[in-house]
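Listed below, chain by chain, are the residues.
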Amino acid sequence: MDYLRLKGWSDKIYSMPEIPRENNFVESLYTYLEQFKNNNLEEKIALGLRTNGFLLKDENNSWKLTDISKRILNTRNNEILFEHLSNTVVFLGEILYLLNQDSMNIGRLLKIANEEYLIVNWKKKNQIYTRLQWLRDLGVVEYSGFENLYKINNKGQVYLKIITDNFELHKKNQTTEHDEIMNSIPNWIFENKKKDLDNLGYIAGSKENYLNTIKETIRLIQNEQNDLSDFIESSVFSGLKENSVKHHIKTLTDMGLIERQSLTTYKVTATGVKILSLNDFQFVFYLDKICTFVLEILLYLNRKPQTLKELTAIPKEKYSVNKDSMSKRLNFLEVAKLIYKVDYYTYATSDLGKSVLSYFNIESSLTSDNIEINENDIDIDSFTPTDSIDSLIIELRQAASDSTLPSRFEKVINECFINLGYDSKWLGKSGETDVLAQTKTAPVSQYKIIIDAKSTSSPTVSDSLIDFDTLKEHKQKYNADYIVVVGIKFDKGRVVKRANEHEVALLDVDALADLLKNHREVPLGYKEYEKIFSKGGIVNLDSLAEDRAQLIYQKKLVYSVLDVLTEERDDPVTKGELSARDIYIMLKMNQNLSQSPTLNQIEGALEFLSSSFIRGIEKTKNGYSATGSVTEISNILNFLSR
């Protein structure tokens, strides 16, 4: 069997148009394009059509029909539609080519995609199934249920002739141009000492010429035009104010390319000299060496196209990368052809960028999650309680601003409350609350929370977005005790006043992120969390500070008691036996404890450690003695926590 592929494979995308099928994908596409012409298309449908080149956003952030969409609408010619999809999506026209050689089932086509076309990250059959459904809706493929096989029909053979001239032989093991590009990166870049710059300052010139401006500055200094006055007079900085020149020089200093040799003069570093020989692609690797979160961007854009705003939210939990510095990172990556613009605001990983990911095995420093390469869509159902909190918080921040897909925010909030220990369910249907969470306790101490998720592209959630009367109805419907509204941030005016009046807790994303991180470090119980959910207005985590401090203190006290008993185990006088009063005296001045313990607190710790579950100490005639080491008892506690 021949495994040809259509030309331009490396420039294609991996997903079909993300639109509801209704009864037929093709008919639905025409319907949605007509709705757009009549200004009646939902935003989320527009986003689904953008990726495949049917719609785009211009510099004014307005949606527009592309030329191909106009042509398809005007002619209603499915041959043109098929040709467009085959030339923009991987493994669509190829399926028709394969079925022309032999009838196949989905499993066999998936195996060929994995092994012959090297689409190794397609593990499930949904990508193949969607393509076959499009081909069936185009009328070029038929399915035999009895044989469980897909077959090309006469119309399919006619359509295949449209693209026949575009097929080319694909050799799996050929040395690619990309491999040669990878090997062009100088070794000294990888040997260079790692720096951790979060933010890049001002760089003179347009984004396309950032590297050239940097090189020109280095050459100026090499030619002994190394004084601030020389810089200002140079054509490189023509029209720039003195402060702008100073900021540019400061940025190059931070990047390790130049250094000050007197109050007003500079010299080029050894690294600065080497930079002169780098091209835009190679320079990105140096940038990755000195800055946080550079090549990692490719990972996230490979999962799905994202905007500058969405990307800036991703590293927030670990790094202090501001919006301007993220923009500079994107500029360098775009000029190096590692990413490209899907439309005016949205970026995606290019084929060269995907090669970098696999060639250098780029991993995320933000989470232990394995981010798969060549995946085009983020699965909003993939965030489970077993995922790292960091990854959950990244999705939380992004989903909060995604007004086109409310269910995305609802689902991630549901996962957040599961991580906080609640029995939480995502409902999310019309007439239902978004999320219903309740404690896993006996009815006598149980309480329920209805949670309303408010995603918005605006910086805050305003009063107009919250229907307090409906929230009250939902509370009665589910016999809930408390109401919580979650949003990116809340207006400080009327919305807070009304929330207080209706006893609705307003939980912003920053507070929920802090709550998740705090819970990971110090897991408080339902009773403590009830304090913040039972009050109306903006949720303030400060009310939990005392409870956190007390739990931390109790943990330290238990280990301090255990330390004392294990240290005294070989004492010839006490023979390892100490009373609660003995331990009290020994711990009164313990600097590891924030306050001196009471005798009752020590007796409580001794009772806990001597329980049949822990078996860390035993009660003796003269008090208590240790039966195991601190490590052994820690292992038991860890075992009981699982």
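Above: the structure in question.
Quick caveat, the model's predicted, so the values are computed rather than measured.

Student: Got a sec to walk through the overall build of the chain? Specific residues and values, please.
Tutor: Within the chain, the secondary structure is distributed over 29 helices and 19 strands. Taking the principal axes of its C-alpha atoms as reference, the chain extends roughly 95 × 80 × 55 Å. Across the 642 residues in the chain, those meeting the buried criterion constitute 49%. Of the roughly 31,600 Å² of accessible surface on the chain, 45% is carried by carbon and sulfur atoms.

Student: Lay out the pattern of salt bridges with the relevant residues and their values.
Tutor: Tallied over the full model, the rule gives 21 salt bridges. A salt bridge links Glu242 to Lys246; the nearest nitrogen and oxygen atoms lie 3.3 Å apart. Of the two residues, Glu242 and Lys246 are both situated in helix α13 (residues 242-254); the distance of four residues between them amounts to about one turn of the helix. In this structure Lys246 comes out as partly exposed when scored by relative accessible area, which is 39%.

Student: Can you break down the nonpolar core residue by residue, with the values?
Tutor: Considering soluble globular proteins, one finds that nonpolar side chains tend to be buried as a cluster. Ile275, Phe283, Tyr286, Leu287, Leu295, Leu338 and Val356 are the most contacted members of the largest nonpolar core, which totals 61 residues. Considering each element in turn, this core owes the most residues, seven residues, to helix α15 (residues 280-290). Apart from the residues within four sequence positions on either side, Val356 is in contact with Met182, Phe281, Phe285, Leu295, Leu298, Leu338, Asn361 and Ile362. Membership of the second largest hydrophobic core comes to 60 residues, among which are Leu4, Tyr14, Ile19 and Trp63.

Student: Describe α15, naming the residues involved and giving the relevant values.
Tutor: Summarising burial for α15: nine of the eleven residues are buried, a large majority. Within α15, burial applies to Phe281, Gln282, Phe283, Val284, Phe285, Tyr286, Leu287, Lys289 and Ile290. Taking the backbone nitrogen of Phe281 as reference, a side-chain oxygen 3.1 Å away marks Asn279 as the first, capping residue of α15.

Student: Give a description of the packing of aromatic side chains that names residues and reports values.
Tutor: All chains considered together, the criterion is met by 21 aromatic pairs. Arranged with centres 5.8 Å apart and planes meeting at 45 degrees, the rings of Phe293 and Tyr300 form a pair that is tilted. What makes Phe293 buried here is its relative accessible area of 1%. Through pairs of rings, three or more aromatic residues link up here, namely Phe417, Tyr422, Tyr447, Tyr482, Tyr526 and Phe533. Across the ring face of Phe25, the terminal group of Arg21 is positioned such that the distance to the ring centre comes to 5.9 Å. Over the face of the ring belonging to Trp426 we find Lys411, whose NZ or CZ atom lies 4.7 Å from the ring centre.

Student: Tell me about the sheet that holds strand β9 (residues 306-307), residues and numbers included.
Tutor: Backbone-to-backbone hydrogen bonds join strands into a sheet, with any given pair of strands oriented parallel or antiparallel. One open sheet accounts for three strands, arranged β9-β11-β10; its pairing is antiparallel. Looking at the sheet topology across the chains shown, the edges are occupied by β9 and β10 (339-341). The pairing of β9 with strand β11 (residues 346-349) spans two bridges and is classified as antiparallel. Within the sheet, the bridge partner assigned to Thr307 lies in β11 and is Thr346.

Student: Now, about the sheet that holds strand β13 (residues 435-438): what can you tell me, with residues and values included?
Tutor: Spatially, the six strands line up as an open sheet ordered β12-β13-β14-β15-β16-β17, and their pairing is mixed. Since the sheet does not close on itself, it has two edges, and those belong to β12 (423-426) and β17 (537-538), each with one partner. Note that strand β15 (residues 482-487) and strand β16 (residues 504-508) share five bridges and pair parallel. Following the sheet pairing, Val485 is matched in β16 by Leu506.

Student: Please give an account of the packing of helix α11 (residues 210-222) against α13 that cites residues and values.
Tutor: Interaxial distance between α11 and α13 falls to 11 Å at its minimum, and their mutual angle equals 90 degrees. On the basis of the axis angle, α11 is roughly perpendicular to α13. Touching Thr213, Ile214 and Thr217 of α11 are His248, Ile249 and Leu252, all from α13. Class assignment of the residues belonging to the contact of α11 with α13 gives a composition of three nonpolar, three polar and no charged.

Student: Residue-level account of the pairing of β13, with values.
Tutor: Every second residue of β13 is oriented toward a common face, with Val435 and Ala437 on one face and Leu436 and Gln438 on the other, all of them buried. Here β12 pairs with β13 via four bridges, running antiparallel. Within the sheet, the bridge partner assigned to Ser424 lies in β13 and is Ala437. Relative to strand β14 (residues 448-454), β13 runs antiparallel, the two being bridged by four bridges. When the sheet's bridge partners are listed, Gln438 is paired in β14 with Lys448.

So, how was this worked out
- Residue numbers run consecutively from 1 along every chain, following the written order of its sequence.
- At least 70 in pLDDT is required for a residue's local features to be given in this predicted model, at least 80 for side-chain atom pairs to be given and counted, and no such filter applies to totals for whole chains, interfaces and linings, which use all residues.
- Side-chain measures were taken over the full set of non-hydrogen atoms in the model, leaving aside hydrogen atoms and water.
- Strands here mean DSSP runs of E at least two residues long; helices mean DSSP runs of H or I at least four residues long; both are numbered from the N terminus.
- The cut-offs for exposure are 20% and 50% of the maximum accessible area for each residue type, with area from a 1.4 Å probe on protein chains only; residues under the lower value are buried, those over the upper are exposed, and the others partly exposed.
- Accessible surface area values rest on a Shrake-Rupley calculation with a 1.4 Å probe, where residue burial reflects the displayed protein chains alone.
- The term salt bridge refers to a side-chain nitrogen of Lys or Arg lying within 4 Å of a carboxyl oxygen of Asp or Glu.
- Nonpolar core, defined: a set of buried Ala, Val, Leu, Ile, Met, Phe, Trp, Tyr and Cys residues in which side-chain atoms within 4.5 Å join the residues together.
- Any two residues having at least one pair of non-hydrogen atoms within 4.5 Å are treated as being in contact.
- Polar contacts, as counted here, are pairs of nitrogen or oxygen atoms within 3.5 Å of one another; within protein the pair requires one atom able to donate a hydrogen and one able to accept it, and residues that are adjacent in sequence qualify only if both atoms are side-chain atoms.
- Two aromatic rings from Phe, Tyr or Trp, using only the six-membered ring of Trp, form a pair when their centres are within 6.5 Å; if the ring planes differ by under 30 degrees the pair is stacked, by over 60 it is edge-to-face, and anything between is tilted.
- Lysine NZ or arginine CZ positioned within 6 Å of the ring centre and within 35 degrees of the ring normal marks a charge as sitting over the ring.
- Two strands pair if DSSP finds at least two bridges between them.
- Comment: axis = line fitted to C-alpha atoms, over the contacting stretch for helices; angle = value between 0 and 180 degrees taken between N-to-C directions.
- These descriptions rest on fixed angle ranges, namely under 35 degrees for roughly parallel, over 145 for roughly antiparallel, 65 to 115 for roughly perpendicular, and the rest for oblique.
- Charged means Asp, Glu, Lys or Arg here, nonpolar means Ala, Val, Leu, Ile, Met, Phe, Trp, Tyr, Cys or Pro, and polar covers whatever is left, Gly included.

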